[in-house]
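Geometric and topological summary
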Amino acid sequence: PGLSIAQDNVVKTIRGKYLYQTLKEHRPRGAEEWVMTKYVDGSRTVRMMVTIGDTGVQRDVVLTVDPSYRPKEAYARLWVKGKYVGSAVYSVHGDKLDAIVITPNNGRITQEVNVPQNFSFVAHPIAGDGWHFWYYNQERGGEQDVTVYNPDTLGAGSGSLLGVVQSLKAKFVGDEETDVPAGKYPSRHYELGGAFNIWVSGEDNVMVRMTLAPANAEYLLRSEERRVGKECRSRW
């Protein structure tokens, strides 16, 4: 039997899976597993692993945000079609984001970019995509600018997993009940970048559904398990 060890660092864990499928035909394309940990200081870390069949991608990402959801650090490792592309460490210090990428062909690549106070990190596994709207002004509503740091999806080119700072338009569509394989969720529906529709639920901003119509893509929360308080224990 396994051991259950008391955990003083964690106040909540959420473990889940996503289904990747085509939007029109509902044909499965891939899957993602993730676990989110909320710590006693209010910060959160989400660990994500995605495998996509039609692009041959396997990506592992760990992303940490502060209590307001501003990114603090991230780690990514990428394989594409049987080839290791590289790994990267990202860290945020005030208005600077530093990236160190290790690649099999181009060696070590570094980057320093300016980031605003309000920004988010595009992990490409999607479990963190509900965190893009943490500073969106719900009372004002309408179309608002959001800033993201966006690493290359496939790590292509000389920059590999380095990213760019981008400004996107976000719009709150409304409060909706979203029916996904994991159940029915009260959610906030946003449009992002003129193409993405994202449904976000709860204080942890869990993304329960996302669609990208131009790419005929849909992402659905397939299962979810939560533990809070004394239930948050390390199991070995």
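Preceding block: the structure.
So, a few notes on the structure that sits alongside this text. (Residues numbered from 1 in each chain as written. Predicted model: local features only at pLDDT ≥ 70, side-chain atom pairs only at ≥ 80, totals over all residues. Heavy atoms only, no water.)

The probe, sized like a water molecule, is rolled over the atoms to show the empty space still left. For the coordinates displayed, the defined rule picks out 4 cavities of 30 Å³ or more. The computed volume of the largest cavity comes to approximately 50 Å³. Counting only elements with at least two residues in the lining of the largest cavity, the list comes to strand 3 (28–39) and strand 15 (206–212). Among the residues making up the lining of the largest cavity, the classes are represented as 8 nonpolar, 1 polar and 1 charged. (1 Å grid on protein atoms, 1.4 Å probe; cavity = no way out; pocket = protein on both sides within 12 Å on 5 of 7 lines; lining within 4 Å. Points joined across faces, edges and corners; volume = space filled by probe spheres on them. Helix = DSSP H or I, 4+ residues; strand = E, 2+ residues; numbered from the N terminus. Nonpolar A, V, L, I, M, F, W, Y, C, P; charged D, E, K, R; others polar.)

Glancing now at the side chain of Gln111. By the element assignment, Gln111 lies in strand 9 (residues 107–114). For Gln111, a relative accessible area of 17% gives the class buried. (Buried < 20%, exposed > 50% of the residue type's maximum accessible area, 1.4 Å probe, protein only.)

Here strand 2 (residues 10–22) runs beside strand 3; their pairing, made up of 11 bridges, is antiparallel. Bridge assignment links Val10 to a residue of strand 3, and that residue is Tyr39. What sits between strand 2 and strand 3 in their antiparallel hairpin is a turn of 5 residues, with His26 showing a positive phi close to 60°. Two strands pair when backbone bridges link them, and strand 3 and strand 4 (residues 44–52) are joined in this way by 9 bridges, in the antiparallel orientation. Each residue of the ladder has a partner; that of Glu32, found in strand 4, is Val50. Taking the residues that link successive antiparallel strands as the turn, the strand 3-strand 4 hairpin has 4 residues, and the phi of Gly42 there is positive, at about 95°. (Pairing = 2+ DSSP bridges.)

A few words on the pattern of salt bridges. As enumerated under the stated definition, the model contains 9 salt bridges in all. Here Asp204 makes a salt bridge to Lys12, at a shortest N to O gap of 2.7 Å. With Asp204 in the loop between strand 14 (196–201) and strand 15 and Lys12 in strand 2, the pair connects residues that are 192 residues apart, well separated along the chain. Accessibility expressed as a relative area gives 2% for Asp204, which makes it buried. Using a relative accessible area of 10% as the deciding quantity, one classes Lys12 as buried. (Salt bridge = Lys/Arg side-chain N within 4 Å of Asp/Glu carboxyl O.)

Turning our attention to unusual backbone geometry. In this structure, Ser160 takes a positive phi of about 50° despite not being glycine. With respect to the element layout, Ser160 can be found in the loop between strand 11 (143–151) and strand 12 (163–180). The class for Ser160 is buried, based on a relative accessible area of 3%. The phi torsion at Asn216 lies on the positive side, around 55°, for a residue other than glycine. Of note, Asn216 is situated in the loop between strand 15 and strand 16 (217–228). We classify Asn216 as buried; its relative accessible area is 18%.

Right, let's get into the layout of surface pockets. Estimates place the volume of the largest pocket at around 620 Å³. Of all the secondary structure elements, the ones that give two or more residues to the lining of the largest pocket are strand 4, strand 5 (57–65), strand 11, strand 12, strand 14, strand 15 and strand 16.

So, on to a nonpolar patch on the surface. Among the surface-exposed residues, Val62, Tyr75, Val89, Ile100 and Ile102 lie close enough to one another that they form a single nonpolar patch of about 360 Å² accessible area. In this structure, Val89 sits in strand 7 (residues 83–93). The exposure class of Val89 is partly exposed, given its relative accessible area of 46%. (Patch = residues over 30% accessible without salt bridge, like charges linked within 9 Å, V, L, I, M, F, W, Y side chains within 5 Å. Areas by Shrake-Rupley, 256 points an atom, 1.4 Å probe, with all protein chains shown as cover.)

Within the secondary structure, Arg188 sits in strand 13 (residues 183–192). Notably, Arg188 is buried but unbridged: the nearest opposite-charge side chain belongs to Asp175, and the N-O separation is 5.8 Å. Of note is the side chain of Arg188, whose polar atom sits 3.4 Å from the backbone oxygen of Gly202. Of note is the side chain of Arg188, whose polar atom sits 2.5 Å from the side chain of Asn205. (Lys, Arg positive; Asp, Glu negative; His and termini not counted. Polar contact = N/O pair within 3.5 Å; in protein donor to acceptor, adjacent residues only side chain to side chain.)

As for its placement among the helices and strands, Gln117 is situated in the loop between strand 9 and strand 10 (120–121). In this structure Gln117 comes out as exposed when scored by relative accessible area, which is 52%. Measuring from C-alpha to C-alpha, the distance between Gln117 and Tyr135 comes to 9.9 Å, with 18 residues separating the pair along the chain. Setting aside chain neighbours within four positions, we find Gln117 in contact with Arg70 and Trp134. (Contact = heavy atoms within 4.5 Å.)

What follows concerns the packing of aromatic side chains. Note on aromatic pairs: each is described by the distance of the centres and the angle between the planes. One pass over the structure, following the stated rule, counts 11 aromatic pairs. When the centroid spacing of 4.0 Å and the interplanar angle of 5° are considered together, the rings of Phe133 and Tyr190 count as stacked. One end of the pair, Phe133, is in the loop between strand 10 and strand 11; the other, Tyr190, is in strand 13, and 57 residues separate them in sequence. When sorted by exposure, Phe133 lands in the same class as Tyr190, which is buried. Site record: aromatic cluster; members linked through ring pairs are Phe133, Tyr136, Phe172 and Tyr190. For the cation-ring pair, Arg209 lies above Trp199, with the distance from its terminal atom to the ring centre recorded as 4.6 Å. (Phe/Tyr/Trp six-rings, centres within 6.5 Å; stacked < 30°, edge-to-face > 60°. Lys NZ or Arg CZ within 6 Å of the ring centre and 35° of its normal.)

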